[in-house]
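What follows is each chain in one-letter form.
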Amino acid sequence: MSSAKVLIIEDEEHISELIKYNLEAAGYQVVAAYDGEEGLKSVFEHHPDLIILDLMLPKLDGIAVCNKVRNNKETEDIPIIMLTAKSSEMDKIIGLEIGADDYITKPFSVRELQARIKTVLRRTKNTAPVQDSGVIKVDELEIDLDKHEVRRREDKYVLTLKEFQLLKMLAENRGKVLTRNFLLDEIWGYDYFGETRTVDVHIRHLRAKIDDENNGNLIETVRGVGYKVR
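Residues numbered from 1 in each chain as written. Predicted model: local features only at pLDDT ≥ 70, side-chain atom pairs only at ≥ 80, totals over all residues. Heavy atoms only, no water.

Peer 1: In this structure, what is going on with the overall build of the protein? I would like to understand it.
Peer 2: Within the protein, the regular secondary structure consists of eight helices and twelve strands. For the protein, with 230 residues in total, the buried portion stands at 50%. Sequence separation of 24 or more characterises 57% of the internal contacts of the protein that already satisfy a separation of 6 or more. For the protein, the exposed area adds up to about 11,300 Å²; of that, 47% sits on carbon and sulfur atoms. (Helix = DSSP H or I, 4+ residues; strand = E, 2+ residues; numbered from the N terminus. Buried < 20%, exposed > 50% of the residue type's maximum accessible area, 1.4 Å probe, protein only. Contact = heavy atoms within 4.5 Å. Areas by Shrake-Rupley, 256 points an atom, 1.4 Å probe, with all protein chains shown as cover.)

Shown next as structure tokens:
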């Protein structure tokens, strides 16, 4: 039985109650909010271990809620599972780009949702940066594991938890090609139901943040295989 606290931000009451009932039966503490503004307030009030976030919400949509959670030091590391009726590839990419840890579409299986919750919580706990110490250096780039910072000379880069974990994994294996499936398993904890685009999205965001004109692409693409730090 889990004692983790889950916040559900979902405007369809019958779906929220279904999730709440099943999660409480599994031992989770559950808090529910029915619009984006109420949900964001609940994030700071209840400090949940995980957020189930609908994309289409009244008052403040899921994208805005996710952005605000990810851009606040107190909440940036809280894992988020997007729950939405939208199922197109572009919607999935948007959800991942704004910092969601997982994505599940309606209609959904409660068992599948519970399995994803367990996986996300386990991987978040097992890969928390505070378990590591020291600084990894790649040329002029420094990855400070104690401070959870990435910097180059006077510049500091703000990364999401998954971006930080991905950069750390690549830097620790410098020169070695890591496949997309390997990175999915190590960072996200399972094969993400074949969504290898997840890695590509996060690599693109990393490059946009840490590459500069003088250093070029720190992370190289090995066509048909995966990625490596040069």
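Peer 1: Please explain the sheet that holds strand E11 (residues 219-222) as it appears in this structure.
Peer 2: Strand pairs in the sheet, formed through backbone hydrogen bonds, run parallel or antiparallel to each other. Here we have three strands laid out as an open sheet, ordered E10-E12-E11, and antiparallel in their pairing. Of all the strands in the sheet, the pair left with one neighbour each is strand E10 (178-179) and E11. Its contacts with the sheet place helix H8 (residues 197-210) against E11 and strand E12 (226-229), and it is angled at close to 145° to E11. (Pairing = 2+ DSSP bridges. Axes fitted to C-alpha atoms, helices over the stretch in contact; angles between N-to-C directions.)

Peer 1: Can you help me understand the confidence of the model for the protein in this one?
Peer 2: Atomic detail in the predicted coordinates should be set aside for any region of low pLDDT. Averaged over every residue, the pLDDT of the protein is 83; the share at 70 or more is 86%. Note that pLDDT drops below 50 for residues 127-131; the model gives that stretch eight contacts with residues more than four away or on any other chain. (pLDDT = per-residue confidence, 0-100.)

Peer 1: Looking at this structure, I do not really get the nonpolar core. What am I missing?
Peer 2: In a soluble, globular protein the nonpolar side chains are often hidden away together inside. Residues Ile143, Val150, Leu167, Leu170, Leu183 and Ile219 are the most contacted members of the largest nonpolar core, which totals 27 residues. Of all the secondary structure elements, the ones that give two or more residues to this core are strand E6 (135-138), strand E7 (141-144), helix H6 (161-172), helix H7 (180-188), H8 and E12. A per-element tally of this core places H6 first, with six residues. The contact partners of Leu183, leaving out residues within four places of it in the chain, are Leu166, Met169, Leu170, Leu178, Trp188, Val199 and Tyr227. In terms of nonpolar packing, the next biggest core, distinct from the first, is built from 20 residues, Leu7, Val31, Ala33 and Cys66 among them. (Core = buried A, V, L, I, M, F, W, Y, C linked by side-chain atoms within 4.5 Å.)

Peer 1: Could you clarify how one ought to interpret the pairing of strand E2 (residues 29-33) in this entry?
Peer 2: Side-chain direction in a regular strand flips from residue to residue, so the side chains alternate between the two faces of the sheet. Of all five residues that make up E2, four are buried, and the element is covered over most of its length. Bridge analysis of strand E1 (residues 5-9) against E2 gives five bridges, and the strand direction is parallel. For Leu7, the partnering residue across the bridge sits in E2 and is Val31. Taking the sense of rotation as the criterion, the β-α-β connection linking E1, helix H1 (residues 13-25) and E2 turns out right-handed. (Right-handed = clockwise from strand over helix to strand, strands pointing away.)

Peer 1: Explain the packing of helix H2 (residues 36-46) against helix H3 (residues 62-70) here, please?
Peer 2: Helix-helix packing is described using two parameters, namely the angle between the two axes and the distance between the axes. In the contact formed by H2 and H3, the axes pass within 10 Å of each other and the chain directions differ by 20°. Taken together, the axes of H2 and H3 lie roughly parallel to each other. The two elements H2 and H3 meet at a crossing, and its hand is right-handed. Contacts between H2 and H3 pair Gly36, Leu40 and Val43 from the former with Val65, Lys68 and Val69 from the latter. Partitioned by chemical class, the residues of the contact of H2 with H3 number four nonpolar, one polar and one charged. (Parallel < 35°, antiparallel > 145°, perpendicular 65-115°, else oblique. Left-handed = near helix turned anticlockwise from the far one by under 90°. Nonpolar A, V, L, I, M, F, W, Y, C, P; charged D, E, K, R; others polar.)

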